[in-house]
Amino acid sequence: MRSFCFLVFFIVYFSSFSQERSLLKGKILTPDAEVSSINIINLTSKQGTTNSSEGLFEVEVSVNDTLLFSSVQYESREIIVTREVLKKPFLTVLLVEKVDELSEVNISDINLSGNLTTDLKNIPTLTQADLGFPMSDTPRPTSIERKLKTASNVSTTSKYNPPGNLNVSLDGIINRLNGKTAMLQKAAANEDRAQAVDAGV
């Protein structure tokens, strides 16, 4: 009976000794040196914690416990707590950045050869008319024509003049006097000549 009690005491003492918990301290390192909240979970004891802004952490462990370090932006890492790990005053855990590889996606049913001249002919294009938008027959004014209109600032309607009367602003008069309007008119004429030459007229 006495030997049985001793055996039970020995088993209880040995199991409690083997399951003795220690406070493991460590630091998480990442390639970009910016450590956001990392989930640190003791998978054996089902307890968890997170690190500080400097990457420091503390977690209770026993020998043979498995620690899981996981985060959205880093690859998960598991570390088994051995006696050698517990002997260290500090555990350093290096996490690697997670690379998400996406599967290939086909965004078009057009087969491209790589030759731009050939491929452009095979790609369908749509105009405003094809989409049902109204189109104007009047060509868009060129950059110089727009500048000339702004410098002249002439309009046939104004809140101060009745419809049909010509309205010239002070800017239009000054630009005509200092020669800006004439300069823009000459540039517009040169642009028209250059377009005619390009068109072979």
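Residues numbered from 1 in each chain as written. Predicted model: local features only at pLDDT ≥ 70, side-chain atom pairs only at ≥ 80, totals over all residues. Heavy atoms only, no water.

On to the side chain of Thr 66, then. Of note, Thr 66 is situated in strand 5 (residues 66-70). Judged by relative accessible area, which is 16%, Thr 66 ranks as buried. Among residues more than four places away in sequence, those in contact with Thr 66 are Ile 41, Asn 42, Leu 43, Thr 44, Glu 78, Ile 79 and Ile 80. (Helix = DSSP H or I, 4+ residues; strand = E, 2+ residues; numbered from the N terminus. Buried < 20%, exposed > 50% of the residue type's maximum accessible area, 1.4 Å probe, protein only. Contact = heavy atoms within 4.5 Å.)

Next up on the list: the pattern of salt bridges. Tallying each qualifying case throughout the model produces three salt bridges. The partner of Asp 65 in a salt bridge is Arg 21, with the nearest N and O atoms 3.5 Å apart. Note that Asp 65 is positioned in the loop between strand 4 (56-61) and strand 5 and Arg 21 in the loop between helix 1 (2-18) and strand 1 (22-29), a separation of 44 residues in sequence. Overall, Asp 65 belongs to the buried group, its relative accessible area being 4%. For Glu 58, the salt bridge goes to Lys 25, with nearest N and O atoms at 3.9 Å. On the criterion of sequence distance, the pair formed by Glu 58 in strand 4 and Lys 25 in strand 1 is long-range, its members being 33 residues apart. (Salt bridge = Lys/Arg side-chain N within 4 Å of Asp/Glu carboxyl O.)

Turning to the sheet that holds strand 1, a few remarks are in order. Read from one edge of the open sheet, three strands run 4-1-7, paired in mixed fashion. With one partner strand each, in any of the chains shown, strand 4 and strand 7 (91-94) form the two edges of the open sheet. Direction aside, neighbouring strands of the sheet carry axes that sit 35° apart on average. In terms of strand pairing, strand 1 meets strand 7 through four bridges, oriented parallel. Counted as the bridge partner of Lys 27 is Thr 92 from strand 7. (Pairing = 2+ DSSP bridges. Axes fitted to C-alpha atoms, helices over the stretch in contact; angles between N-to-C directions.)

Our next topic: the environment of Leu 68. Structurally, Leu 68 can be placed in strand 5. The exposure class assigned to Leu 68 is buried, which follows from its relative accessible area of 17%. For the pair Leu 68 and Ile 41, spaced 27 residues apart in sequence, the C-alpha separation works out to 5.1 Å. Discounting residues that sit within four places of it in the chain, Leu 68 has contacts with Asn 39, Ile 40, Ile 41, Leu 43, Ser 76, Arg 77 and Glu 78.

Now for a positive patch on the surface. A cluster of basic residues, Arg 140, Arg 146, Lys 147 and Lys 180, forms a positive patch on the protein surface. Within the secondary structure, Lys 147 sits in helix 4 (residues 143-152). (Patch = residues over 30% accessible without salt bridge, like charges linked within 9 Å, V, L, I, M, F, W, Y side chains within 5 Å. Areas by Shrake-Rupley, 256 points an atom, 1.4 Å probe, with all protein chains shown as cover. Lys, Arg positive; Asp, Glu negative; His and termini not counted. Charge placed at Lys NZ, Arg CZ, Asp CG, Glu CD.)

Once that is clear, we can look at the sheet that holds strand 5. Strand order in this open sheet of four strands is 3-2-5-6, and the pairing throughout is antiparallel. The open sheet is flanked by strand 3 (47-50) and strand 6 (77-80), the only strands paired with a single partner. For this sheet, the mean angle separating the axes of adjacent strands, direction not counted, is 20°.

This part takes up the nonpolar core. With 17 residues, the main nonpolar core has Ile 28, Phe 57 and Phe 69 as its most contacted residues. When contributions to this core are tallied by element, the ones reaching two or more residues are strand 1, strand 4, strand 5 and strand 7. Take this core: its biggest share by element is three residues, from strand 4. When sequence neighbours within four positions are dropped, the list of residues in contact with Phe 69 reads Ile 28, Ile 38, Asn 39, Ile 40, Phe 57, Glu 75, Ser 76, Arg 77, Ile 79, Val 93 and Leu 95. (Core = buried A, V, L, I, M, F, W, Y, C linked by side-chain atoms within 4.5 Å.)

Residues Ile 40 and Asn 42 point to one face of strand 2 (residues 39-42) and are all buried, whereas Asn 39 and Ile 41, pointing to the other face, are not buried. Sheet analysis places strand 2 next to strand 3, joined by four bridges and oriented antiparallel. Its bridge partner being in strand 3, Asn 42 is matched across the sheet by Gln 47. Linkage of strand 2 to strand 3, two consecutive antiparallel strands, is achieved through a turn of four residues, within which Lys 46 is found at a positive phi near 60°. Summarising the sheet, strand 2 and strand 5 pair through four bridges and their orientation is antiparallel.

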